[in-house]
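Tertiary structure, described
Each chain, written out:
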Amino acid sequence: MCEQKNLIAWLDGELDTAEADAVREHVVSCGQCTERVRAFREVSQDVQAYMLVAPAAIPAQRTRLKWAGVAAAAAIAATILVSIFLRPHDQEHKIAGQQIVPNPVREVMPEPPRVAQPVVPRKRRIRHAVPVAPVQSTEYSEGPVIRVAIPADQLFAPGAVPAGVEIFADMALAPDGSIRELRVLP
Amino acid sequence: MGDACSIPIPAPPELLFAELRTPMARYLRCLGLAPAEAEDAVQEAFLKLHRHVAAGGSQENVRSWLFRVAHNEARNRSARYESRKSAPLELAAPLAAAGADPERQMLDRERYRRLDAAMKALSGTERECVLLRGEGLRYREIGEVLGIATSTVADTVDRAIRKLAEKCNV
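Our subject in this report is the structure included herewith. (Residues numbered from 1 in each chain as written. Chains lettered and ligands numbered in written order. Predicted model: local features only at pLDDT ≥ 70, side-chain atom pairs only at ≥ 80, totals over all residues. Heavy atoms only, no water.)

**Digging into the environment of Ala152(A)**
Selection criterion: Every helix listed is a DSSP run of H or I at least four residues long, and every strand listed is a run of E at least two residues long, numbered separately from the N terminus.
Examined against the element boundaries, Ala152(A) turns out to sit in the loop between β2 (145–151) and β3 (166–173). Considering only alpha carbons, one finds Ala152(A) and Gly164(A), 12 residues apart in sequence, at a separation of 7.6 Å.

**Thoughts on the pairing of β3(A)**
Residues and elements named next belong to chain A. Selection rule: Each residue's exposure class comes from its accessible area (1.4 Å probe, protein chains only) as a fraction of the maximum for that residue type: buried when under 20%, exposed when over 50%, partly exposed otherwise. When DSSP finds two or more bridges between a pair of strands, those strands are recorded as paired.
Burial analysis of β3 places 6 of its 8 residues in the buried class, the great majority of the element. Taken together, the 7 bridges between β2 and β3 define a ladder with antiparallel strand orientation. Across the sheet, alanine 149 pairs through a bridge with phenylalanine 168, a residue of β3. Of the pairings in the sheet, the one linking β3 to strand β4 (residues 179–184) comprises 5 bridges and is antiparallel in character. Within the sheet, the bridge partner assigned to alanine 172 lies in β4 and is glutamate 181. If you look at the hairpin formed by β3 and β4, you'll find 5 residues sitting between the two strands, and glycine 177 has a positive phi there, around 95 degrees.

**Thoughts on helix α6 (residues 124–134) of chain B**
Residue and element names in this part refer to chain B. Taking burial as the measure, the 11 residues of α6 include 9 buried ones, the bulk of the element. Restricting attention to buried positions, one finds in α6 the residues Glu126, Arg127, Glu128, Cys129, Val130, Leu131, Leu132, Arg133 and Gly134. Count one or two residues on from α6 and you reach glycine 136, which has phi positive near 90 degrees.

**A few points about the pattern of salt bridges**
Heads up, the rule is: The term salt bridge refers to a side-chain nitrogen of Lys or Arg lying within 4 Å of a carboxyl oxygen of Asp or Glu.
Counted by the stated rule, this structure contains 19 salt bridges over all chains. Of the charged contacts in the structure, one is a salt bridge between Glu42(A) and Arg38(A), with a shortest N-O distance of 2.5 Å. Placement of both Glu42(A) and Arg38(A) in helix α3 (residues 31–57) is noted, with a separation of 4 residues, approximately one turn of the helix. Its relative accessible area of 25% is what places Glu42(A) among the partly exposed residues. According to the relative accessible area criterion, Arg38(A) is partly exposed, its value standing at 34%. Residues Glu135(B) and Arg26(B) are paired through a salt bridge, measuring 2.7 Å at the closest nitrogen-oxygen approach. Of this pair, Glu135(B) sits in the loop between α6 and α7 (139–146) while Arg26(B) is found in helix α1 (residues 13–31), placing the two residues 109 residues apart along the sequence. Here the two residues Glu135(B) and Arg26(B) agree in accessibility, since each one is buried. Salt bridges here are not isolated pairs; linked through shared partners, they connect Glu35(A), Arg38(A), Glu42(A), Asp46(A) and Arg111(B).

Written as structure tokens, this is what we have:
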């Protein structure tokens, strides 16, 4: 096998005149070196073509990674925010035919402490009692008595009685006008 | 691409930029820099040249000077540069001339895929020497860019081209 050196440097015009002449004379007379020079020239041309194509083919990975990283960070932040502010029962999804599966995020994130709210009884006031008619009755000892129609929802919890139902009652008034007695009629 | 330096000395900045911007960016992209990074490095190199000339610096060997600055900028981003060297080359477009038959196109794709693998198998210095040689820099200029002796460049280029020829079955 021929061991001629400096073939590539000769191809590149990097040898001085004397060296270049010597290599040229050898290449002309050596079949192996002629073939090697052909191969070196061909791969050099391929490298130049490669350099024209490779930059466009290499993806802008830093840009992609950058935005992928930003997108990932935004997704993580959004997940954390949703898990903090979303109420627990909103996160349970019932899948048909299966048990309710608790949201895994809720399992990780502790629920905010629930503060017991004091129960304040509502003061009920009888409103909208409509006088129906004066009552002529000897059942009441003295003073005027009037019959009134009281909307049932003024006496019972909302929804306990159908709407529009009225309770009739006799209202005996004291001399000073206050209610002395109230009799609900059956 | 591949000719000796044709830039007069001293050269007007706009001529330098027009002549060298694309080859410098291409070299940096082949090293693995993203397009924006490569452009930044090229801009930075010309900015430094402006400061160098304004400070009375020599404009001899301006081409190797610019490539060296850009090369060093790429080295500074070496962490990301190293991670991208292993990415396989996916050629987006056929390499054969328009009108080439599909079999020829497939052969070209395979040929360049082998070349891409062979390039990535080279050492860092071998690949840099081959790329700078591909941009038309002389061995002396390549030595100035990489900070190595001209004789070392000659040996490195010789070794690299032989490797490529062998692996590409040329």
